[in-house]
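Single-letter residue listing:
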Amino acid sequence: MLSRIAEALFWIGRYVERAEDTARLLDVQLQLLVEDPWLDEGTACANLLAVMGAPLEPGQVGEDGAAAVADRRTVLDRLGYDPFSSASIVASIGGARENARRARETVSTEMWEVLNTAYNAVPSGRWRAVSPHTFFAWVRDRTSTVTGIADSTMSRDDGWLFLVLGRSIERADMTARLITSTASLGGPASRWPSLLRACGAHETFLRTYRGLEDETEAAEFLLLDRLFPRSIVHALAQAEKCLADLESSGQRAGVFDEAQRRLGRARAELEYRPLTDVLAHLPDEMERVQRTCSAASDAVARRYFSSAEALTWVGGTA
């Protein structure tokens with residue numbers, strides 16, 4: 001497969017997943033601000049911007065020329081609508097569409113039409129006039145359509161493996177950010193149901209555990225469940241499998257692919273340690289997952305892609 005095509009498909013997978021998960025994260029975080037009157041909005045919004053790698057710089061000004069403050073409006077702008085913020089939903093949709101254009105001979109017509117329509121709907125500005133929840137629901141609908149079209153129309157060849165590899169790395173990274181954003185708020189375990197809903201996991205969790213008893217079970221489900229596709233362990237394992245299938249060298253011992261080695265080590269450190277150990281240092285563990293995903297993405301780029309300029313995820317862990 002051409003390096004250009006492989007790279008484009010990898011980043012389509014990452015950008016589509018990033019747009020969906022950012023919408024999920026913002027939806028639950030803004031809902032928590034409404035539900036919890038004791039939650040300090042400025043602190044919560046500043047923490048969320050930091051988790052997403054888009055903190056406000058000292059002396060930064062907003063669109064009206066006044067000093068920017070960490071509030072709901074700033075969060076929605078920087079992480080939702082701003083096309084020049086690399087952490088925003090709009091920028092992610094634009095990135096996915098641009099990569100689909102570069103790989104137009106490989107991407108199906110249906111997938112291109114969905115991405116192109118979503119991209120062209122953004123500049124109208126109408127999404128700023130509707131409720132944030134409506135915008136987030138639209139983003140989830142569009143990205144889920146792209147994922148469904150890819151699943152049903154793409155041959156399970158190397159192109160498919162690169163798309164799923166990008167999606168899986170991004171999913172592990174974003175689930176870690178979702179958990180970090182909620183853990184940074186502190187407070188009661190009652191926030192975990194909101195986090196489960198943000199990951200689309202609440203009903204599956206209830207069927208698995210027959211009711212939410214404590215935050216430990218919710219954390220175990222999102223971190224370690226081998227069957228739920230949005231858990232960190234499942235996403236890391238899926239990325240490992242894609243890399244192993246791409247390798248196809250038939251080697252009998254060891255792992256020589258740097259990305260596969262990093263992802264496997266991160267998965268094992270989560271999967272084979274006591275959950276209490278992980279929860280005791282949860283922010284640090286999630287930071288480690290984010291660093292691993294960033295390093296694995298860089299390793300994939302060095303090995304398979306010819307582009308000299310790497311497209312990296314934002315934040316201190318990138």
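The structure presented is a predicted model; accordingly, all values stated were derived computationally and were not measured.

Criteria and thresholds
Residues numbered from 1 in each chain as written. Predicted model: local features only at pLDDT ≥ 70, side-chain atom pairs only at ≥ 80, totals over all residues. Heavy atoms only, no water. Helix = DSSP H or I, 4+ residues; strand = E, 2+ residues; numbered from the N terminus. Buried < 20%, exposed > 50% of the residue type's maximum accessible area, 1.4 Å probe, protein only. Contact = heavy atoms within 4.5 Å. Phe/Tyr/Trp six-rings, centres within 6.5 Å; stacked < 30°, edge-to-face > 60°. Lys NZ or Arg CZ within 6 Å of the ring centre and 35° of its normal. Expected span 1.5 Å × (residues − 1). Core = buried A, V, L, I, M, F, W, Y, C linked by side-chain atoms within 4.5 Å. Domains from an automatic or database assignment.

(A) Local environment of the overall build of the chain. When its secondary structure is counted, the chain shows 14 helices and zero strands. Along the chain, from the amino end to the carboxyl end, the secondary structure elements read α-α-α-α-α-α-α-α-α-α-α-α-α-α. Burial statistics for the chain: of 318 residues in total, 53% are counted as buried. The long-range share in the chain, meaning contacts at least 24 apart out of those at least 6 apart in sequence, stands at 70%.

(B) Representation of the side chain of Glu 240 in the model. When you line up the elements, Glu 240 lands in helix H11 (residues 232-247). With near-sequence residues (within four places) excluded, Glu 240 lies in contact with Gln 260, Leu 263, Gly 264 and Arg 267.

(C) Expanded view of the packing of aromatic side chains. What the rule picks out here adds up to 12 aromatic pairs. Each residue in the set Phe 10, Trp 11, Tyr 15, Phe 162, Tyr 304 and Phe 305 is aromatic and connected to the rest through ring pairs, giving one cluster. Seen from the ring of Trp 160, Arg 156 lies directly overhead, with NZ or CZ sitting 3.8 Å from the centre.

(D) Fine view of helix H1 (residues 3-35). With 33 residues, H1 extends 48 Å from end C-alpha to end C-alpha; this agrees with the ideal 48 Å at 1.5 Å per step. Burial analysis of H1 places 29 of its 33 residues in the buried class, which makes it a mostly covered element.

(E) Representation of the nonpolar core within the structure. Among the nonpolar cores identified, the biggest contains 101 residues, and Leu 165, Leu 222 and Leu 223 are the most heavily contacted of them. It is H1 that contributes the most residues to this core, 16 residues altogether. Here this core spans two domains, since at least three of its residues come from each of domain 1 (1-154) and domain 2 (155-308). Ignoring any residue separated from it by four or fewer positions in sequence, one finds Leu 223 in contact with Ile 179, Ser 231, Ile 232, Val 233, Leu 275, Val 278, Leu 279, Leu 282 and Met 286.

(F) Quick look at helix H4 (residues 89-102). In this model H4 runs 20 Å from its N-terminal to its C-terminal C-alpha over 14 residues, within 8% of the 20 Å that 1.5 Å per residue would give. In terms of residue burial, H4 counts as a mostly covered element, since 11 of its 14 residues are buried. Those residues of H4 lying buried are Ile 89, Val 90, Ala 91, Ser 92, Ile 93, Gly 94, Gly 95, Ala 96, Arg 97, Asn 99 and Ala 100. Next to the buried residues of H4 lie H1, helix H3 (72-81), helix H5 (109-121) and helix H6 (132-153).

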